[in-house]
Amino acid sequence: MRDAYIVGAGQSNYGAFPDESYRSLFATAFEEALGSAGGVGAADIDEAVVGSLGVGGRQLGLSGPAVTEHVGLHGVPCSRIENACAASGYAVRQAVQAVKSGMADVALAGGYEVMTDMSGDVAKYWLGVSGETEWERLTGTTFAGVYAQMASAYLDAYDASPDHFSKVAVKNHANGAKNPKAHLGFECSLDDARSAPVVADPLNLYHCCPTSDGAAAVLVASEDVASACDDAVRVAGVGAASERVGLFQRDSYTAVESSERAAGGAYEMAGLDPDDVDFAEVHDCFAIAELLAYEDLGFCERGHAPELVDSGATELGGDLPVNPSGGLKSKGHPIGATGAGQVVEAFKQLTGRAGDRQVAGASVGLTHNVGGSGGAAVVHVLEGGAL
């Protein structure tokens, strides 16, 4: 198969926007993606793949064409991907497959979600639909509760404390404060993160990401098209995997097998290993998820994520910056937009467009997007300066 390249990427602000719709948010992301491409226009797009959970029930059917026709892509085939929080990460994967197979020279991948126009109880319902229905959601378990079980198991198994969750929050808020598009773009102290109200013991408010409105869009192109663009980031590797949806069905609460398998596939395709990665955007819906990601992605051995946090390696000036965007914790988590939004950040980092949060000398980036508590995962390894 031929190579695929990211040639443009954009996102809306993430946050609460009562005057915006999912269509207008997607239009903002799409226009920014086109504006960053410098060589690709809307008329060049052959295929579109859009991710959304459909929170609130808005336009569940044909929601992909509903946003693509809004931005003028009349006649362009569009599919909608629903894979919970991994929806648009999988949309990027599908766009890459379309280009690599030769079925498209330019494919649009994106995602969107509006989550803040409903009560907390209703939002919890829509988040919960991505959990195992009979034995988790209908028995009252929330996702905070599911990840709290994972956090408790991790604290029992390894030399870790809730302070390590708080340190992840402090790091990601420090990064998000440098991101003008972040939902919670402010710094927090370790005391703030330690003393926040408990949500699901041992997780407190600062260990949990917000629910956000937002959209993201990514343009994937063939090498011939990319060679005429201002910047191009090679999709060196892609890996994806599924897992049992219910946490109770798994052999381990302290590892996400789908993430590990997806990472293995991406590294193998790229011909790289974890030591080659210069920065990563990982799925930190809860602070424990970031610690698990360090281990699932091979950045450290099992049980050693707390040491990685304590070392400062994952901070913006460290050896392996993780979530320079602020991650889901600070940048925000509009479910359908999250995976594509991670790729947007990677594109900016690898083309030197990340401003105050730029990772110096970055040439290889990784994005890691998880659906639910690990029912689906997708990993992209991206390489700058490859053309």
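Remember, it's a predicted structure, so these values are computed and weren't measured experimentally.

Chemist: Can you help me understand the overall build of the protein in this one?
Modeler: A count of helices and strands for the protein gives 13 helices and 11 strands. Against the 2.2 N^0.38 benchmark of 21 Å for 387 residues, the protein shows a C-alpha radius of gyration of 19 Å, consistent with a compact globule. Summarising its shape, the C-alpha atoms of the protein cover approximately 55 × 40 × 35 Å along the three principal directions. For the protein, long-range pairs separated by at least 24 residues make up 79% of all intrachain contacts whose partners lie at least 6 apart in sequence.

Chemist: For this particular structure, what's the right way to read unusual backbone geometry?
Modeler: Trans is the common state for peptide bonds, and a negative phi is the common state for residues other than glycine. The omega angle of the peptide bond from Asp201 to Pro202 is 10°, so this bond is cis rather than trans. Locating Pro202 in the fold gives a position in the loop between β5 (198-200) and β6 (203-204). We note that Leu62 has phi near 60°; this positive angle belongs to a residue other than glycine. One can find Leu62 in the loop between β2 (47-51) and α2 (63-68). For Ala84, which is not glycine, the phi dihedral falls at a positive 55°. Here Ala84 lies in the loop between β3 (78-81) and α3 (87-101). With a relative accessible area of 7%, Ala84 lands in the buried category.

Chemist: So what exactly am I meant to see when it comes to the environment of Val71 here?
Modeler: Position of Val71 among the secondary structure elements: in the loop between α2 and β3. Linking Val71 and Tyr158, residues 87 residues apart in sequence, is a C-alpha distance of 50 Å. Non-local contacts of Val71, meaning those with residues more than four positions away in its chain, are made with Phe26, Ala27 and Phe30.

Chemist: Would you mind going over the packing of helix α5 (residues 143-157) against helix α10 (residues 287-296) with me for this structure?
Modeler: Each pair of packed helices can be described by the angle between their axes along with the distance between the axes. Running from N to C, α5 and α10 cross one another at 60°; their axes reach a closest spacing of 9 Å. Taken together, the axes of α5 and α10 lie oblique to each other. For the pair α5 and α10, the sense of crossing is left-handed. Every residue of α10 that contacts α5 at Tyr147, Met150, Ala151 and Tyr154 is listed here: Ile288, Ala289, Leu292 and Glu295. Taken together, the residues of the contact of α5 with α10 break down into 7 nonpolar, no polar and 1 charged.

Chemist: Even after reading the chapter, I still don't get the side chain of Asp284, so can you show me in this structure?
Modeler: Its place among the elements puts Asp284 in the loop between β9 (279-281) and α10. For Asp284, which is buried and forms no salt bridge, the nearest opposite charge comes from Lys171, at a distance of 6.6 Å. A distance of 3.5 Å separates polar atoms of two side chains, one belonging to Asp284 and the other to Asn323. If we skip the residues at most four places from it in the chain, Asp284 touches Asn172, Cys209, Ala289, Glu290, Asn323, Gly326, Gly327, Leu328 and Lys329.

Chemist: Looking at this model, I keep getting lost on the packing of helix α6 (residues 162-176) against α10. Mind explaining?
Modeler: Close contact between α6 and α10 brings their axes to 8 Å; oriented N to C, the two are set at 95°. Considering their axes alone, α6 and α10 lie roughly perpendicular with respect to each other. Together, His164, Phe165, Val168, Lys171 and Asn172 of α6 and Ala287, Ile288, Glu290, Leu291 and Tyr294 of α10 make up the contact between the two elements. Partitioned by chemical class, the residues of the contact of α6 with α10 number 6 nonpolar, 2 polar and 2 charged.

Chemist: I'm lost on the packing of aromatic side chains in this one. Help?
Modeler: Aromatic ring pairs are reported here in terms of the distance separating the ring centres and the angle at which the planes meet. For the structure on display, the rule yields 6 aromatic pairs. Centroid distance Phe26 to Tyr112: 6.2 Å. Interplanar angle 80°. Geometry classified as edge-to-face. With Phe26 in helix α1 (residues 22-37) and Tyr112 in strand β4 (residues 106-113), this pair connects stretches of sequence that are 86 residues apart. The pair Phe26 / Tyr112 is uniform in exposure class, with both members buried. Taken together through their ring pairs, the aromatic side chains of Tyr22, Phe26 and Tyr112 make up a single cluster.

Cut-offs used in this document
- Residues numbered from 1 in each chain as written.
- Predicted model: local features only at pLDDT ≥ 70, side-chain atom pairs only at ≥ 80, totals over all residues.
- Heavy atoms only, no water.
- Helix = DSSP H or I, 4+ residues; strand = E, 2+ residues; numbered from the N terminus.
- Rg over C-alpha atoms; globule rule 2.2 N^0.38 Å.
- Contact = heavy atoms within 4.5 Å.
- Buried < 20%, exposed > 50% of the residue type's maximum accessible area, 1.4 Å probe, protein only.
- Axes fitted to C-alpha atoms, helices over the stretch in contact; angles between N-to-C directions.
- Parallel < 35°, antiparallel > 145°, perpendicular 65-115°, else oblique.
- Left-handed = near helix turned anticlockwise from the far one by under 90°.
- Nonpolar A, V, L, I, M, F, W, Y, C, P; charged D, E, K, R; others polar.
- Lys, Arg positive; Asp, Glu negative; His and termini not counted.
- Salt bridge = Lys/Arg side-chain N within 4 Å of Asp/Glu carboxyl O.
- Polar contact = N/O pair within 3.5 Å; in protein donor to acceptor, adjacent residues only side chain to side chain.
- Phe/Tyr/Trp six-rings, centres within 6.5 Å; stacked < 30°, edge-to-face > 60°.

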